[in-house]
Amino acid sequence: MAEYTLKVRRYQPESGEGAYWEEFKVELDPSLSVLDGLLQAKDRDDGSLSVRCSCRAAICGSCGMKINGQSGLGCKTQVGEALEMAERKASVSPSADGGTPPIVIEPMGNMPVIKDLITDMESTHWTKIRRVTPWLLPHGEAPEREYVVEPESMIDITQSMACIQCGACVSSCLSMEADPEFIGPAALAKAYRFVGDPRDAETKERLHDLAHDPHGIYDCTHCFSCIDACPKGVAPMDQIMRLRRKAGEEGIDDDPNNGHSHEEAFVKIIEKKGTLDEALLVQESYAPGVKGKLKPSMGAIKGLIESLPTVLRAIKTGKARSAHKVIPGLHPKLPGGAQDEVKAIYKHAEEHREEFNIYIAGEDEDFVEPEPDEPTDETLAAEAAAAAESEAS
Amino acid sequence: MPTHDVLVIGAGLAGQRAALAAAEEGVSVGIVSKVHPVRSHSNAAQGGINAALNPGDSWESHAFDTIKGSDYLSDQDAVEIMCREAPEEILHLEHLGVTFHRNEEGKLGTRAFGGASAARTYYVADITGQAIMHVLYEQLMKYSERVARYEEWFCTALALDDDGECCGVVTRNIADGSMQLFQAKSVILANGGNGQVWKPTTNALICTGDGIAQAYRAGAKLMDMEMIQYHPTTLAGKGFLITEGARGEGAHLLNKNGERFMERYAPNKMELASRDVVSRAEQTEINEGRGFDDGTVALDITVVPKKRVHEALREIVLVGKDFAGVDITKEPIHIKPGNHYTMGGIKTDVDGRTDIPGLYAAGEVACVSVHGGNRLGANSLLDTLIFGRRSGADAAARAKRTEGSRPSKAVLEAEQATIDAISAREKGSGRRVSEIKFDLGTVMDAKVAVFRDEAGITEALEKVRQLKEEAKTAYIDDKGSVFNQDLLGALELGYMLDNAECTCLAALERKESRGAQYRTDFPERNDEEWLKHIDLQLSDDGPEISYSEVTITQWEPQERTY
């Protein structure tokens, strides 16, 4: 048993007052959850403290909230861990009295607050879910028995099926903060559940739709917040990247965000130069290849003109003073053999393309222990050093 | 007044399946749920769903296992229907998009489960309930023009017309606190079991026996209320569930001396005997001093290959890590029997009809009875779907041939008055609702659990009745309209107390041991006197007990060994 202070962002809509902070002292075992703490406060001190909850076991997805600024589930965050997190934050910016910091609890972000920790998920989360046509669209009559499909395909989409619709990823999404119309991590992960399903007959239509929506798959900025926030290992951003890859494979390269060309350009530039030629990236994103430059589309011209202010700002602030930062193509390659090593990495990645799926690999990398007869990191490092030495000689 | 041909209360698997089945008949359907549908407790069903679909398996074998598992208290006509219709239902779900596990040929694959003579459990990793429920919700979204969803609306009571037929319900819109009368030609209760009456329980906080109490208060018969399942593998203290799938995959149960003690209790089926048998074995080990100091025995999953654990038991890896601090791939996890499932409930026929015309029940809230004294693992999802579908279809058929009547405003006013009275109680006028809930759960887990006797059950019953009195003056803090969870908690407490009283009465009445009801003062099964259901009905003088026959078609009761 230990005492914890829960500092809760409260809002009572009928009081006529704005949101305010309230601290609750609770006493519980460190292995119990933040939700257990909130329920204790509700049971003992104030029954009006409102939080959606049901299963207490990270299955129902009701208790999405922000704990010390991090989106997640109240029931899945141990109160002891939450305190450690609060202490780490406090050590960066200590409070005036220097005492034990409170565990800070707020409603989820990117959603209107209804009362205390209860948010309006209908107008945000569920509306976006419905946006992706979230049901299977098979063609023709169903077979007499089951659809026969690759066993791996079911395991592949089970990762998206593991989503409990808690909204933690939506709460944490930085792209959605900038563009509230972004379809978002949860809905796009749901979309992959159908795109990856061999029984669905409208894969191409779905991909086309999600790529051509300016708030679709190319609106994600790859920030990893949703992967961090997801309590179920769904890794929504990974699902978005799978959607992009599949869209690319389907030849969908004309999305309005120039997302596909941007990705292609990025990959090519790094393969060629090792580090990013930002000026070339801008040009290639809008007007890819020779064809793009000979016959630039209206969109490309518009996009390039629209990026001029950004370029000027970069020059002004000193971010882009040298010629190779401004003129496409001047950016140098990595020196020596370094560029060859980058190419070797590319080759390896292409030859060993592996999807990361928790239902196959286990959820933590450290989870899979090397077998005794397998080389350990140390022996591998020693081998690598020896190889480098012999190469140098 | 919102008016539908068919109104479903509860949006777990039974409710969603019923709504979809009714909508298929072309009638207007509404579905009311106190939580968003995907928050429903069907989510928690991890292991899978049974069906005799493999070549070489038969529905008769599935039915026999179910009946034997029920300790011969299930109604065999109902079991036959469930097991015959199971394969078609699995295929239907597969066609809708459930991502069932596949074998190497890409066809549906199965796992082994307790009490079953064949591997006939279909599954999605260990999120089967969640996967099926989310797919059904996809269908509800798809057919939103045919099924109106009232998400986060709390049903408080049923409305009967002058002829005693069910014609609607009273609800509270949780978002703004407004009270609303709904009219319907058929009402289907699908609002789940009553696990929260016990503490701890594997059940979610929403499982407060609302529907059982609402039907009971309206005069419907309840049946088999003494039959409460204790699941063999739950985490001590918190009550979290470790799926039977773990034992299905080969995990062992060990006492503190490292013995696989099931050898002594069920030498043939070992860990995969029926749940009542395994729970009693564990409790005996613990009571006789062969458990660990924390009142548990151990479940050893390390014997299951790691790859298989990640593929098929991932949720359990997370539960172990997050809620017990144990890596189940490396060490055994401590478990004990814990409250899990309500076999009893509202008495229905095989089409979900209760003895109140127009009122149906399906899923855990109902008692058809297919589970009798003990439910087999992976039969609960099946029960919800088969009888959800049948209820939906029959409720739609009834709606087509009846006029329907307008529910009286008096019911609404009575409910409003009850709520106003609760809100009016001053702080300190009585006990806090949460305290009464705690006392209730504690006494039920102590006295009406794996082992029972007359003195213990009587003590529990007296306590429940005392708590009922205390609940009349219990106060709440929240006086507002928007999301007043405090108030809903007070209403739920009332339902829980009714459930508890009925369970105590039935447990006291059944003077034998059968299935989940093990009376240490009557340790034998007694078919002569007790091969019958105990029914409970609310009369003017309080609860009234009567009996009904167990339907036997082709399986005469035998001695039950595993």
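Residues numbered from 1 in each chain as written. Chains lettered and ligands numbered in written order. Predicted model: local features only at pLDDT ≥ 70, side-chain atom pairs only at ≥ 80, totals over all residues. Heavy atoms only, no water.

Q: Describe in detail the pairing of strand β1 (residues 3-9) of chain B, supporting the description with residues and values.
A: Residues and elements named next belong to chain B. In terms of burial, β1 is largely enclosed, as six of its seven residues are buried. By the bridge criterion, six bridges tie β1 to strand β9 (residues 179-189) in an arrangement that is parallel. The residue of β9 that forms the bridge with T3 is Q183. Across four bridges, β1 lies against strand β2 (residues 29-33) in parallel orientation. Within the sheet, the bridge partner assigned to V6 lies in β2 and is V29. The parallel pair β1 and β2 is bridged by helix α1 (residues 13-24), and the resulting crossover is right-handed. (Buried < 20%, exposed > 50% of the residue type's maximum accessible area, 1.4 Å probe, protein only. Helix = DSSP H or I, 4+ residues; strand = E, 2+ residues; numbered from the N terminus. Pairing = 2+ DSSP bridges. Right-handed = clockwise from strand over helix to strand, strands pointing away.)

Q: Give me the sheet that holds strand β19 (residues 542-549) of chain B: which residues, what numbers.
A: Residue and element names in this part refer to chain B. Ordered by their spatial adjacency, five strands build an open sheet running β17-β15-β10-β18-β19, and the pairing between neighbours is mixed. Of all strands in the sheet, those with a lone pairing partner are β17 (366-367) and β19, marking the two edges. Bridge analysis of strand β10 (residues 222-223) against strand β15 (residues 345-347) gives two bridges, and the strand direction is antiparallel. Paired with M223 across the bridge in β15 is G345.

Q: So what's going on with the environment of A490 of chain B? Which residues, and what values?
A: All names here are of chain B. With respect to the helices, strands and loops of the structure, A490 is situated in helix α15 (residues 485-509). Look at A490 and you get buried, because its relative accessible area is 13%. Each residue touching A490, except ones within four places of it in the same chain, is listed here: I422, V433 and I476. (Contact = heavy atoms within 4.5 Å.)

Q: Describe the interface of chain B and chain A, with residues and values.
A: Taken together, the contact pairs 71 residues of chain B with 75 residues of chain A. Of the roughly 5800 Å² buried at the junction of chain B and chain A (both faces included), carbon and sulfur atoms supply 53%. Three residues, R39, H95 and R314 of chain B, lead the burial of chain B against chain A; their summed loss comes to 13% of the area buried on that side. Our count for the contact surface shared by chain B and chain A stands at seven salt bridges. In this assembly, chain B and chain A are joined by 42 residue pairs in polar contact (both at pLDDT 80 or more). Broken down by secondary-structure element, the contributors of at least two residues to the side of chain B that touches chain A are α3 (76-96), α4 (128-142), β6 (147-151), α9 (306-312), α10 (314-324) and α15 of chain B. With nine residues, α4 of chain B is the single largest residue contributor to the side of chain B that touches chain A. Each residue belonging to the side of chain B that touches chain A can be placed in one class, and the counts come to 24 nonpolar, 22 polar and 25 charged. (Buried area = accessible area lost by both parts, 1.4 Å probe. Salt bridge = Lys/Arg side-chain N within 4 Å of Asp/Glu carboxyl O. Polar contact = N/O pair within 3.5 Å; in protein donor to acceptor, adjacent residues only side chain to side chain. Nonpolar A, V, L, I, M, F, W, Y, C, P; charged D, E, K, R; others polar.)

Q: Give a detailed account of the packing of helix α12 (residues 409-424) of chain B against α15 of chain B, specifying residues and quantitative values.
A: Residues and elements named next belong to chain B. In the contact formed by α12 and α15, the axes pass within 11 Å of each other and the chain directions differ by 115°. Judged by the angle between their axes, α12 and α15 are roughly perpendicular. Pair α12 / α15 crosses with right-handed handedness. Between α12, through I419, I422 and S423, and α15, the contact on the second element is made entirely by L487, A490 and L491. (Axes fitted to C-alpha atoms, helices over the stretch in contact; angles between N-to-C directions. Parallel < 35°, antiparallel > 145°, perpendicular 65-115°, else oblique. Left-handed = near helix turned anticlockwise from the far one by under 90°.)

Q: Lay out the confidence of the model for chain A with the relevant residues and their values.
A: When pLDDT is averaged along chain A, the result is 89, and 88% of the positions lie at 70 or above. Taken together, the stretch residues 361-376 of chain A has pLDDT below 50 and engages in 19 contacts with residues farther than four places along the chain or on a different chain. (pLDDT = per-residue confidence, 0-100.)

Q: Break down the pattern of salt bridges for me, with residues and values.
A: Between side chains of opposite charge, a pair can form as their charged atoms come close. On inspection of all chains with the given rule, the structure shows 76 salt bridges over all chains. A salt bridge links E152 of chain B to R52 of chain A; the shortest N-O distance between them is 2.6 Å. Here E152 of chain B is found in the loop between β6 and β7 (153-160), whereas its partner R52 of chain A is found in the loop between α1 (34-44) and β3 (64-67) on a different chain. A salt bridge links K347 of chain B to D535 of chain B; its shortest N-O distance comes to 3.4 Å. Of the two residues, K347 of chain B sits in strand β15 while D535 of chain B sits in strand β18 (residues 532-539), which places them 188 residues apart along the sequence. When its relative accessible area of 1% is taken as the criterion, D535 of chain B is described as buried. Linked through salt bridges whose partners overlap, the residues forming this network are D71, E226, D276, R280, R510, E512, R514, R525, D527 and R560 of chain B.

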